[in-house]
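# Structure at a glance
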Amino acid sequence: MLFPPPHPSASSRLTLELDTSGELLPRILWAGPATSTTAGAAGYPSTFRGPGVPLLGEHAHELFTRPHLRGHRVDAPGSDAAWSTRFIVEDLSATDDTLTLTAYDDAAGLRLTTELQALPGGLLRGRHRVRSTGPGTYVLTGLEVVLPAADDLVELLDFTGRHEGERTPQRHTVTDGLWLREGREGRPGLGGATMAVLGTRGFGTRTGTVLGVHVAWSGNSLLRAERSPDLGTTLGGGELLQPGEVRLGPEEEYTSPWVVFGASEAGLDGLAEAFHTYERSLSAHPGHQPVVLNVWEAVWFDHDLARLHEIADRAARVGIERFVLDDGWFHGRRDDTAGLGDWWVDPDVWPEGLAPIADHVRSLGMEFGLWFEPEMVNPDSELYRAHPDWILSAGDRVPQLHRNQLVLDLSRPEVWQHVHDRVDAVLSSAPIDYVKWDHNRELLEAGSGARGGSSAVREHTLAFYRLLDSLRRLHPRIDWETCASGGGRIDLGVLERTQRVWTSDMTDALARQHIQRWTTQLVAPEYLGAHVSAPVAHQTGRTLPLDFRAATALFGAFGVEWDLSTATEEELTALAGWVGLHKRLRHLLHAGRTVRPESADPAVLLHGVVARDGGEAVLAHVQLDESASNRGTVVRVPGLQPDASYDLRWVGPVDHRAVSRSVALPEAGPTDGVTVRGAVLGTRGYWIPRRRPETVTLVHLTRA
């Protein structure tokens, strides 16, 4: 059978073989792009026969690779055999978008429910639920959702990174054996894999067939790819469970996170489009993303009302729509060594509360936002001095400090309630429209004192979701941003609840080009906080021109991270122009298809957005460094209407001057006012001569 059934919106599909006896679990014979199944139910690959993989891989059926379910039973006589299961199908039902399997293994004392769902945009997601029906305790150590991959998917791409350098792609050739990426930080992490993508040899942003997987979970997770000499390649993922973290008593159950798969015959951009379309279907998706100014890199912890008023006045003047007061407003918070956990407004800094700054900001026509880090505590805080046992720790010892802070144990009801009520009180005390929710340290030795120091990462993650969900219900008009030392908590689990992500603490525009390019592999650009920083980047000391900084931020959730009280009149005028340009193009930038055309010049990045109907596009030619030649770069624009003609015009500030022995830019646009058919732009493209380093040249294409 095919799942989902043939439908124009399905871009990923499975072929399943049902056991004729009705007892054994179905086998997934094939997973990949839906276009490969257009031959119908009687054609390839529905008639394909190969090793495949059971819906849940079990050792009992000669699976000698990593089992998908791993666990054992304790505290019950004769229960040792539960480590190896052999489930028998009880029921299998399917609709146009959901397939549900229930099965049982009475000898192991387990019941299994597996769900597969087709999502908007063509993604598929799956999860397993296992219930203990036997005596004693079933100790679950792993449960993953795994699909087979075609034999021509021979290269694997995932991501690594660091603080201020998230999502650096890395790839290798698939070989026999198990490839495993584990995330043990209690969050996806700054160096997290984010997703794993198998593809045909040499696949790129616009070429090749790919199959990708992402775990929609904000705690510990793993991704896996495996090939054996006997079986084909498989790809999957799930939650990484710490020792003893899930112990199921009679009739207790565990549900895995959703594991999301996507397939494309149009390379990585086709895969990204499927994820972006799904994200745009979420109820929490931002229908409108205001232009933001965050004062963190402007004032740091120095909260002076007069200075903040001046910055707000200038922000409103250049067209900012949301003003965010970052760290430093709460009790005892004069630097990063104290105050976390004491969530009330510091009267020494704000004697009249937050109303004076919030009211002033709103009187200027802007929204007012506020920074929190609710899951953390400083040892130097009233909260920690009163409740030193409220932290996550493996036993009696205090975990090693990082950034002078520890993590609160939200899995304890009293801790959860305290944090909830404190944050709620602040949000109720002033007209607050927006919250930046930070998470600045990993969950090191994250045990719960309420359970003898046993691991609490899973329960803490679920408690974080409950906390955010409750505050969202109480304050429905507030928008929420997820931040974790920058891009350390970016996943579909948190995107179901937030309207924005802080992409990275790196605001240097040159470094941001790569970070933003690869974060859009998972996340639609309208979520990605992208700010115009100060002329000299705080992180690198690099001096970059305003036009380059602004053009780098243009495509994302546009904002400013700069002390505007130090900006000149000329800079303010230029910034206002960029803010206005973003607003004029926002309808396209935040709803169109992200495209990343291949560049023949390693010194040049190409990216852009094409309207879903192909009627309009904006493309960026980013000259990162000196080119090794004077050949210039051809920009091919995918997704336009083949038979329509297009006007190509420069947009934003453009330096028309020739560079060295290259040529000047034509005044009227790259084709000097000549319209070009979409089919030609998609295959031959248009040409941009060599530009100066650290410049972005923007072209706006509109249907003639």
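Here, the structure is the one placed above.
What counts, and where the lines are drawn
- Residues numbered from 1 in each chain as written.
- Predicted model: local features only at pLDDT ≥ 70, side-chain atom pairs only at ≥ 80, totals over all residues.
- Heavy atoms only, no water.
- 1 Å grid on protein atoms, 1.4 Å probe; cavity = no way out; pocket = protein on both sides within 12 Å on 5 of 7 lines; lining within 4 Å.
- Points joined across faces, edges and corners; volume = space filled by probe spheres on them.
- Helix = DSSP H or I, 4+ residues; strand = E, 2+ residues; numbered from the N terminus.
- Nonpolar A, V, L, I, M, F, W, Y, C, P; charged D, E, K, R; others polar.
- Buried < 20%, exposed > 50% of the residue type's maximum accessible area, 1.4 Å probe, protein only.
- Contact = heavy atoms within 4.5 Å.
- Salt bridge = Lys/Arg side-chain N within 4 Å of Asp/Glu carboxyl O.
- Pairing = 2+ DSSP bridges.
- Axes fitted to C-alpha atoms, helices over the stretch in contact; angles between N-to-C directions.
- Patch = residues over 30% accessible without salt bridge, like charges linked within 9 Å, V, L, I, M, F, W, Y side chains within 5 Å.
- Areas by Shrake-Rupley, 256 points an atom, 1.4 Å probe, with all protein chains shown as cover.
- Polar contact = N/O pair within 3.5 Å; in protein donor to acceptor, adjacent residues only side chain to side chain.
- Core = buried A, V, L, I, M, F, W, Y, C linked by side-chain atoms within 4.5 Å.
- Arc of directions from axis to C-beta.
- Right-handed = clockwise from strand over helix to strand, strands pointing away.

## A few points about empty space enclosed by the protein
Under the definition given, this model contains five cavities of 30 Å³ or more. What the largest cavity holds in volume is close to 210 Å³. Elements with a minimum of two residues in the lining of the largest cavity: α9 (509-519), β31 (528-533), β33 (593-595) and β34 (604-610). A class-by-class count of the residues in the lining of the largest cavity yields six nonpolar, eight polar and two charged.

## Regarding the environment of Leu14
Here Leu14 shows up in strand β2 (residues 12-17). The buried category is assigned to Leu14, whose relative accessible area is 2%. For the pair Leu14 and Ser660, spaced 646 residues apart in sequence, the C-alpha to C-alpha distance is 55 Å. Leaving out residues up to four positions away in the same chain, Leu14 has contacts with Met1, Leu2, Phe3, Ile28, Trp30, Ala31, Leu116, Leu124 and Leu147.

## Here's the deal with the pattern of salt bridges
For the structure on display, the rule yields 48 salt bridges. Between Arg184 and Glu182 there is a salt bridge, and its shortest N-O distance comes to 3.0 Å. The class for Arg184 is partly exposed, based on a relative accessible area of 45%. Assessed through its relative accessible area of 38%, Glu182 is described here as partly exposed. Glu367 is the partner of Arg322 in a salt bridge, and the nearest nitrogen-oxygen pair spans 2.9 Å. Separated by 45 residues along the polypeptide, Arg322 in strand β22 (residues 322-325) and Glu367 in strand β23 (residues 367-372) bring together distant segments of the chain. On the basis of relative accessibility, which here comes to 1%, the residue Arg322 falls in the buried class. A relative accessible area of 30% means that Glu367 is categorised as partly exposed. Several salt bridges converge on common partners, so that one network encompasses Glu115, Arg127, Arg129, Arg131, Glu251 and Glu253.

## Some details on unusual backbone geometry
Residue Phe3 is joined to Pro4 through a cis peptide bond whose omega torsion reads -10°. Along the chain, Pro4 turns up in the loop between β1 (2-3) and β2. In this structure, Glu62 is a non-glycine residue whose phi angle is positive, near 60°. Looking at the element boundaries, Glu62 is found in the loop between β4 (53-54) and β5 (69-74). Here Glu62 falls in the exposed class, since its relative accessible area comes to 63%.

## A short note on the sheet that holds strand β29 (residues 479-482)
With respect to topology, eight strands assemble into a closed barrel ordered β21-β22-β23-β26-β29-β30-β31-β32, the strand pairing being parallel. Adjacent strand axes in the sheet meet at a mean angle of 30° when their direction is disregarded. Note: strand β26 (residues 434-437) against β29, four bridges, orientation parallel. Bridging from a neighbouring strand, Tyr434 pairs with Asp479 of β29.

## What to know about a nonpolar patch on the surface
Taken together, the side chains of Met1, Leu18 and Leu92 present a nonpolar region at the surface, about 230 Å² in accessible area. Looking at the secondary structure, you find Leu18 in the loop between β2 and β3 (27-33).

## Some thoughts on α9
Here α9 lies mainly inside the structure; nine of its 11 residues are buried. When α9 is considered as a whole, its buried residues turn out to be Ala509, Leu510, Arg512, Gln513, Ile515, Gln516, Arg517, Trp518 and Thr519. You can read the cap of α9 off the contacts: a side-chain oxygen lies 2.9 Å from the backbone nitrogen of Leu510, and it is on Asp508.

## A short note on the environment of Glu144
Its place among the elements puts Glu144 in strand β10 (residues 137-148). Note on Glu144: relative accessible area 0%, which makes it buried. Separated by 95 residues in sequence, Glu144 and Glu239 place their C-alpha atoms 7.3 Å apart. In contact with Glu144, other than residues within four places in its own chain, are Leu56, Arg66, Pro67, His68, Arg70, His128, Leu222, Arg224, Gly237 and Gly238.

## With respect to the nonpolar core
Formed by 147 residues in total, the largest nonpolar core has its most connected members in Phe323 and Trp329. If one sorts the elements of this core by residue count, helix α11 (residues 569-589) sits on top with eight residues.

## Things to note about helix α4 (residues 355-363)
Those residues of α4 that fall on the buried side of the exposure criterion are Ile357, Ala358, His360 and Val361. In a view along the axis of α4, the buried residues occupy a sector of 165°, so they form one face of it. Contacts from the buried residues of α4 go to α3 (305-318), β22 and β23. Of the residues trailing α4, Gly365 is marked for its positive phi of about 90°.

## A few points about the side chain of Thr482
Relative to the helices and strands, Thr482 is located in strand β29. Reaching out from Thr482, the side chain makes a polar contact with the backbone oxygen of Arg489 at a distance of 3.3 Å. Dropping the residues within four chain positions of it, Thr482 is found in contact with Trp437, Arg489, Val494, Thr498, Arg500, Val501 and Trp502.

## Details of the pairing of β23
Burial analysis of β23 places five of its six residues in the buried class, which makes it a mostly covered element. When β22 meets β23, the two strands line up parallel, connected through four bridges. When the bridges of β23 are listed, Leu325 appears paired with Leu370. In this fold, β22 hands off to α4, which returns the chain to β23; that crossover is right-handed. Across four bridges, β23 lies against β26 in parallel orientation. Residue Trp371 lies in a different strand from β26, and its bridge partner there is Lys436.

## A few points about the sheet that holds β33
Overall, antiparallel pairing links the six strands, which are arranged β33-β34-β35-β40-β37-β38 in an open sheet. Pairing within the sheet leaves two strands with one partner each, and these edge strands are β33 and β38 (676-677). As defined by bridge partners, β33 adjoins β34 across three bridges and the pair is classed as antiparallel. Paired with Val595 across the bridge in β34 is Gly608.

## Considering the pairing of β34
Of all seven residues in β34, seven are buried, a share of seventy percent or more. Across the two faces of β34 the burial is the same, with Val604, Leu606, Gly608 and Val610 and Leu605, His607 and Val609 all buried. As paired strands, β34 and strand β35 (residues 616-623) are joined by seven bridges and run antiparallel to one another. Bridged to Val604 within β35 is Gln623. Hairpin connection from β34 to β35: five residues lie between these consecutive antiparallel strands, with Gly614 at a positive phi of about 75°.

## Concerning the layout of surface pockets
There is about 510 Å³ of room inside the largest pocket. What lines the largest pocket is a set of 34 residues, and nearest its centre among them are Pro148, Ala149, Ala150, Asp151 and Thr233. Listed by contribution, the elements that provide at least two residues to the lining of the largest pocket are β3, β15 (210-215) and β16 (221-227). Ranked by residue count, the leading element in the lining of the largest pocket is β3, at five residues. Considering only residue class, the lining of the largest pocket consists of 18 nonpolar, 11 polar and five charged.

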